[in-house]
Each structure stands twice: as C-alpha cells, then as structure tokens.
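Remarks on the overall topology
The primary structure of each chain is shown beneath.
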Amino acid sequence: MFKHNTYVNNDQLSPSKKVLSNFLDGLFVFIISFLLVNFASIPILKNNNHFKEQINDLTSTVCQLYDIQEEAKLSYRVSEEEIYTEGKLFDEYINSHILTSYSYHQDKFNEKQIAIDDLSNKATYENDYLGYYYVNYKYNNNINIEQYNNKTPKQYFVEDIILGSDCATYYETHDDNIPSLTSDVAIDLYQYLNKISEKSLYYNDLYSFFSNNSRSALSDLNNYEPYNNLYIRYTNIYKDLAGIECLVLILTFTLTYIVIFALPQIFFNDGLTLGRLITKTRLIHSKNVALSLSLNIILNYIKLFFLVGIIGTFSFGLSILAVPLGGWFNVLIFVLVSFVLLIVDFFFRTFSANKISLIEKFSFTDYVNIKRNEYEE
C-alpha cells in the first residue's frame, strides 16, 4: 500500500460524480445493514433464550392487561393477543344505544320505516362500554372513587360524564336506567350506519365523546393496583427488549462501517470507501493533501450517522426506537436528528454551486479523481 501526498486537480471532476459516490455509499449502507439485521441479527435474537423469555413474558403481560380491560368492559377481545380497535368499539357502543332508544321510541322509528326485532344487545349499566366501568367496575374495585365527589356512581356517570359533556343534548335520562340517545339522534345514526343516508349530523361528535371518555377510563385504570403493576412490568420488559434491539442496531452499524469504510481504507489507501472506489474518486483535504486517519474515521462516522434514521426505522420501526432507555434518552432522538441532517444535507448539496455536502463544507474537504498509477503500483 502506498500513500500519495498530492492528487489530480479536481477542477474537471463533475458534480454528478460526487453525488454518485455518496449515493453508492448510502446504497451500500442500506443494503448491508438490511441484510445484517434481517438475516443475522434478528435470527440470532429469536434464538436467544433470554430474548425469547422476555418476548413470552411481554406477551403474557399484555394478555393479562387485556383481560382486565375486557373485564372492565373497556375493550373486547378478538383473539388472545388482539382487541377491537377504538372505531369498532364505538360502533358496538352506538348500536347498543340505538337499540335502547328504539325500546323507548319504537313509534318514531317505525315512522321512518325502521323496525328492529332483536333488542337483546341494548345498552344497560351491565354491558355498556362506558356505563359499566364508571358505575360498576370503578366503584366495586375502589378505583379512585374520590372522583365521584360524594355522588353515587350513577349520579356521577349521568351528571358528569353524560350531561357534563358537549353531547349532553344527544341523550335523555331515565331514572335508574342508563341514559339513552334521543330518537332523532338514534334514527340519524341508524340510517348512517346502515348506509341509508350518506352523512350523519351526530356521528363525529359522539365518536369524540366516546374516545375521550374511554381513554380517560383506561388511564384511570392505572389507579387500580393489579393493572398498574402489570403495566409497570410491561414497560420494563419492553424497555429491556428495546435496549437489546438498539444494541443490535449499533453492532450492525459498526459492522457496516467496517465493510464500507474501514476495509477500503486498509486495502486501498486513504480517503476511499466502496462508493469512491467504484467511481474512482477519493476525499482529500482542500489543500490537496491526504486526510489524516483520525479525520477520515470521524467523517465516515458522521456520514454513517446521517443514514441511521432510515436504516433504524426500516429495521425495527419507530415504536422500538422511541422506547426510553433511561430518563429522557431514547434512540429515536438520534434517528430524528439524522433524518433532519439528511434532509438538510440533500438540499445543501442540491443548491450549492459545486454540489458539496455539509460534511465537505465544514471539514474543508473535496473530491478528486484517483491517479491511475495508484491502481498499478
């Protein structure tokens, strides 16, 4: 291996060649990282006993959380590890309240040629997704009952949850029975849900009402000790798994750095990467001298960091990267920074006169052609 102190003048090096060199390095980073993650890292993790135990514990904990949510009638299980979406829950909630309204105003429904035979699923305090929690489950399990403000559970539900909302005029009360939708509202919703009419005057308002109160109830469940203990356990396991996967991501990038940046440097002299080797260019100091080893390492790591966001998101997803690993720290912060830097670098390179990147601008470096005799020596 031979080190040259001067290089071919870069006046004739086209901007497209600089861009192509960086593009190839980025492409190699993506390909090699993707292959390492999906065909090495993930298979190794899946066969690691500790990782498998943590996955099993996480699944078990999630199922127990779902059990309590379903017991409180704040969710509905489709399968062991899947529950209804909020939208599906809302449709179930509305349909049950349409039936309740029908039981009070059958004549008005019939005027609209609406006849319902089966009323077995009408809303009651025993099956309503909101009513059951606030009137029965919350009270029976002593969950933050100070919130009732010396009212009975039913008084609190009717006065604070129903009549205290923006949708108060959409409901009517019935002594000890659960509040029901007014006939006009219920008929409007029935026609909309059954595609008799294309629009509903009340659907969106009631969806917001249901969403806000169901989320508030789920949050309130954290005051229930068995649920809170499970939730803490879930977050700790998830954090441990996220830490392991982020460590794997770091190791993956280290191996990628070695393949794309370190090995060409060792075997083909200073200033080279795989992309530069293919385009027969190299990065040098603006004074036409070779980069020092330390500066070359730093610049290549910065280039790799610019690509962390793309590879990390494709490999593990934002949900894993966003998990706090201690205090405020999570990998997502670095991912977002790398995304921003990548975008800024793209525009800087696009609109700069000689198509240089941010790295080249602030490190006073530039690309030149490799002298042909460097391949022959």
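Now for a description of the structure that goes with this document. (Residues numbered from 1 in each chain as written. Predicted model: local features only at pLDDT ≥ 70, side-chain atom pairs only at ≥ 80, totals over all residues. Heavy atoms only, no water.)

This part is about the overall build of the protein chain. Across its full length, the protein chain holds 16 helices and six strands. Counting over 377 residues, the protein chain shows a buried share of 45%. Nonlocal contacts in the protein chain, meaning residues at least 24 apart in sequence, comprise 66% of its contacts between residues at least 6 apart. Approximately 20300 Å² of the protein chain is accessible, and the part contributed by carbon and sulfur atoms is 57%. (Helix = DSSP H or I, 4+ residues; strand = E, 2+ residues; numbered from the N terminus. Buried < 20%, exposed > 50% of the residue type's maximum accessible area, 1.4 Å probe, protein only. Contact = heavy atoms within 4.5 Å. Areas by Shrake-Rupley, 256 points an atom, 1.4 Å probe, with all protein chains shown as cover.)

Bringing helix α3 (residues 86-104) into the picture now. With 19 residues, α3 extends 27 Å from end C-alpha to end C-alpha; this agrees with the ideal 27 Å at 1.5 Å per step. Listed in full, the buried residues belonging to α3 are Leu89, Phe90, Tyr93, Ile94, Ser96, His97, Ile98, Leu99, Thr100, Ser101 and Tyr102. Check the buried side of α3 and you find it contacts α4 (106-111), β3 (171-174), β4 (177-181), α7 (183-193) and α8 (203-220). (Expected span 1.5 Å × (residues − 1).)

Further remarks concern the pairing of strand β6 (residues 365-369). Along β6, five of the five residues are buried, which leaves the element largely enclosed by surrounding structure. Burial along β6 is two-sided: the residues Thr365, Tyr367 and Asn369 and Asp366 and Val368 are all buried. Strand direction decides the pairing type here: strand β5 (residues 281-285) and β6, joined by five bridges, are antiparallel. Paired with Ile284 across the strands is Asp366, a residue of β6. (Pairing = 2+ DSSP bridges.)

We note that Asn149 has phi near 55°; this positive angle belongs to a residue other than glycine. In this model, Asp175 sits at a positive phi of 50°, which is unusual for a non-glycine residue. Take Asp175: it is sitting in the loop between β3 and β4.

Residue position: Glu126 is located in the loop between α4 and α5 (131-140). For the pair Glu126 and Asn136, spaced ten residues apart in sequence, the C-alpha separation works out to 7.8 Å. Residues within four places of Glu126 in sequence aside, it is in contact with Lys73, Tyr132 and Asn136.

Another aspect to go through is the packing of aromatic side chains. A complete count under the given rule lists 21 aromatic pairs for this structure. Here the aromatic rings of Tyr148 and Tyr156 are separated by 5.2 Å at their centres, their planes lie at 70°, and the arrangement is edge-to-face. In this pair, the class of Tyr148 matches that of Tyr156, namely buried. Here the aromatic cluster, defined as three or more aromatic residues joined through ring pairs, consists of Tyr125, Tyr132, Tyr133, Tyr134, Tyr137, Tyr139, Tyr148, Tyr156, Phe157 and Tyr224. Stacked on the ring of Tyr132, the Lys or Arg Lys73 has its end atom at 5.2 Å from the ring centre. (Phe/Tyr/Trp six-rings, centres within 6.5 Å; stacked < 30°, edge-to-face > 60°. Lys NZ or Arg CZ within 6 Å of the ring centre and 35° of its normal.)

Counting residues in hydrophobic clusters, the biggest one holds 51 residues, and the most contacted among them are Tyr93, Tyr133, Tyr137, Phe157, Tyr171, Leu206 and Leu221. Looking at this core, the elements with two or more residues in it are α2 (49-71), α3, α5, α6 (153-162), β4, α7, α8 and α9 (225-268). Ranked by residue count, the leading element in this core is α3, at seven residues. (Core = buried A, V, L, I, M, F, W, Y, C linked by side-chain atoms within 4.5 Å.)

One can describe the packing of α3 onto α7 by two numbers: an axis separation of 9 Å at closest approach and a directional angle of 130°. Here α3 is positioned oblique relative to α7, judged by the angle of their axes. Where α3 crosses over α7, the handedness of that crossing is left-handed. In contact with Asp91, Ile94, Asn95, Ile98 and Ser101 of α3, α7 contributes Ser183, Ala186, Leu189, Tyr190 and Leu193. (Axes fitted to C-alpha atoms, helices over the stretch in contact; angles between N-to-C directions. Parallel < 35°, antiparallel > 145°, perpendicular 65-115°, else oblique. Left-handed = near helix turned anticlockwise from the far one by under 90°.)

Tracing the backbone shows Asp220 in helix α8. There is a polar contact of 2.6 Å between the side chain of Asp220 and the side chain of Lys138. The residues touching Asp220, leaving out its near neighbours within four places in the chain, are Tyr133, Lys138, Ile143, Asn144 and Gln147. (Polar contact = N/O pair within 3.5 Å; in protein donor to acceptor, adjacent residues only side chain to side chain.)

Remember, this is a structural readout, not a statement about activity or role.
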